[in-house]
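Examination of the molecular architecture
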Amino acid sequence: MLEGKAILAARIRELIELTVLVDGPESMFAEAADRVAAVVSILRAATDSEPGVPAGRGWPPGVDDALEGVGNPLAPPMIIGHPGESGADGEVAALVTLGSAHEGAPGRAHGGWVAAILDHAVGRAAAQAGSPGMTVSLTVDYHRATPYGVPLDVRSRRVDQAGRKVFASAEILTDGQVTASATATLVTVRALANKAGGERPGPGSD
Ligand SMILES: CCCCC/C=C\C/C=C\C/C=C\C/C=C\CCCC(=O)SCCNC(=O)CCNC(=O)[C@H](O)C(C)(C)COP(=O)(O)OP(=O)(O)OC[C@H]1O[C@@H](n2cnc3c(N)ncnc32)[C@H](O)[C@@H]1OP(=O)(O)O
């Protein structure tokens, strides 16, 4: 089931990428749109959920996660490595490859996607360090172009903690050079920390 969803999501990522890149006659777009509509109706028939309405997909991040979910076509996806796999002790190491659909300035990744990756990385680092929380402040420095189409190395770690506040940092590297870095403050959320896979948090829950 999961494998099938991951394959579907991978195809949809391909579809998104090609939709951004392709140019052609109206008839080609019309035919493609009709075929996509047929796929949409297959999926719609299989769910009671309404697109765009919060459904609460479970927690912690899984197959449908916005950044790392292999079953979420919007997720690049970010591949989270084992603790210490390629980063230093206590670091979370991840790999992510963006595409043309993530382009901002010509030839480089959009800064919003760069920030989303860094936000997720600090969230992961806080969770790995035993202090899962939500980002309340994220400061991003863009040092040089973050490319797309190549695997990006992402590193993050918890730096400090004071009460419920967790301080973390993260970088994105390519060819050993840091393209963007972030420092963040997260606030631990007790209700989430206690949930290994329960319902998604509601607004303002702690
Ligand atoms: C996300 C939880 C994860 C837990 C999951 C469980 C398992 C983990 C497994 C894997 C996790 C892996 C990855 C997760 C990665 C990403 C997940 C995506 C999450 C996000 O996508 S995240 C980005 C968006 N994020 C928000 O949506 C937050 C909006 N926010 C709020 O929902 C509230 O803010 C809340 C509930 C967080 C706290 O609210 P509250 O009422 O409980 O706490 P309160 O306001 O009292 O603040 C307490 C202390 O933080 C200080 N403080 C507050 N704000 C500050 C700021 N801006 N700068 C500096 N300090 C600040 C105060 O000054 C006070 O400090 P003091 O105690 O010293 O006075």
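Residues numbered from 1 in each chain as written. Predicted model: local features only at pLDDT ≥ 70, side-chain atom pairs only at ≥ 80, totals over all residues. Heavy atoms only, no water.

Heads up, the rule is: UniProt positions are given in the numbering used here, feature names are shortened, and annotations may be inferred rather than shown by experiment.
Looking at an unreviewed UniProt entry, one finds the protein named Acyl-coenzyme A thioesterase THEM4, with Actinoallomurus bryophytorum as its source organism. According to UniProt, the comment filed for the protein under the heading Sequence similarities (unreviewed entry) is "Belongs to the THEM4/THEM5 thioesterase family."

Points about the domain arrangement of the protein
Here is the rule: Per the annotation, domain bounds derive from an automatic or database assignment of domains.
Entries for the protein in the domain assignment read domain 1 (2-45) and domain 2 (79-193). Once you take the C-alpha centre of each, domain 1 and domain 2 turn out to be 30 Å apart.

A short note on the pairing of strand β2 (residues 92-97)
Looking along a regular strand, one sees side chains alternate from face to face of the sheet. Applied cut-off: A strand pair is defined by DSSP finding two or more bridges across the two strands. Per the convention used, a helix needs a DSSP run of H or I reaching at least four residues, while a strand needs a run of E reaching at least two, with both numbered from the N terminus.
Sheet analysis places strand β1 (residues 79-80) next to β2, joined by two bridges and oriented antiparallel. Paired with Ile79 across the strands is Leu95, a residue of β2. Taken together, the six bridges between β2 and strand β4 (residues 151-162) define a ladder with antiparallel strand orientation. The partner of Ala93 across the bridge, within β4, is Arg155.

Considerations on the UniProt feature "domain: Thioesterase" (unreviewed entry) in the protein
The sites that UniProt annotates as "domain: Thioesterase" (unreviewed entry) are residues 107-179. Along residues 107-179 the backbone is 25% helical and 48% strand, and the end-to-end C-alpha distance reaches 14 Å.

Quick look at the environment of Leu67
Stated precisely, the cut-off is as follows: Note on classification: 1.4 Å probe, protein chains only; a residue is buried when its accessible area is under 20% of the maximum for its type, exposed when over 50%, partly exposed between these limits. Residue contacts are counted whenever heavy atoms from the two residues lie within 4.5 Å of one another.
By secondary structure assignment, the location of Leu67 is in the loop between α2 (26-45) and β1. Looking at Leu67, the relative accessible area reads 10%, which means it is buried. Residues Leu67 and Ile79 lie twelve residues apart in sequence; the distance between their C-alpha atoms is 9.0 Å. Residues within four places of Leu67 in sequence aside, it is in contact with Ala75, Pro76, Pro77, Met78, Trp113, Ala116, Ile117 and His120.

Things to note about the pattern of salt bridges
Note that side chains of opposite charge can pair when their charged atoms are close. Note the cut-off: By salt bridge we mean one thing: a side-chain nitrogen of Lys or Arg within 4 Å of a carboxyl oxygen of Asp or Glu.
In total, this model carries seven salt bridges according to the counting rule given. Residue Arg11 is joined to Glu14 by a salt bridge in which the shortest nitrogen-to-oxygen separation is 3.4 Å. One end of the pair, Arg11, and the other, Glu14, are both in helix α1 (residues 2-21), three residues apart, so they sit about a helical turn from each other. Residue classification places Glu14 among the partly exposed positions, given a relative accessible area of 43%. If you follow the salt bridges from partner to partner, you end up with Glu91, Arg157 and Glu171 in one network.

A few points about the nonpolar core
The following threshold applies: Within this scheme, the nonpolar core is defined by two criteria: the residues are buried Ala, Val, Leu, Ile, Met, Phe, Trp, Tyr or Cys, and they are joined through side-chain atoms within 4.5 Å.
Membership of the largest hydrophobic core comes to 24 residues, with the highest contact counts inside it found for Met78, Ile117, Leu118, Val154, Ile172 and Leu186. Secondary structure elements with two or more residues in this core: β2, α3 (111-128), β4, β5 (165-174) and β6 (177-188). When residues of this core are assigned to their parent elements, the largest contribution, seven residues, is made by α3. Other than its neighbours up to four places away in sequence, Ile117 contacts Leu67, Met78, Val96, Leu98, Val154 and Ile172.

Digging into the sheet that holds strand β3 (residues 133-142)
Formally: Every axis in this analysis is a line fitted to C-alpha atoms, fitted for helices over the stretch in contact. Angles between the N-to-C directions lie between 0 and 180 degrees.
Strand order across the open sheet formed by six strands is β1-β2-β4-β5-β6-β3, with antiparallel pairing between neighbours. Single-partner strands in this sheet number two, and they are β1 and β3. Here nine bridges tie β4 to β5, and the two strands are oriented antiparallel to one another. Within β5, the position partnered with Val154 by the bridge is Ile172. Sitting on the sheet, α3 is in contact with β1, β2, β3, β4, β5 and β6, with an inclination near 135° to β3.

Here we look at the pairing of β5
For β5, a buried count of eight out of ten residues is recorded, marking the element as mostly surrounded by other parts of the structure. The turn linking β5 back onto β6 is made up of two residues, and Asp175 within it adopts a positive phi angle of 50°.

Observations regarding the side chain of Thr185
Assignment of secondary structure puts Thr185 in strand β6. According to the relative accessible area criterion, Thr185 is buried, its value standing at 17%.

Description of the environment of Ile16
Within the secondary structure layout, Ile16 lies in helix α1. Residue classification places Ile16 among the partly exposed residues on the basis of a relative accessible area of 32%. Residues Ile16 and Leu118 lie 102 residues apart in sequence; the distance between their C-alpha atoms is 23 Å. Look past the residues within four positions of Ile16 in its chain and what remains in contact with it is Pro73 and Ala101.

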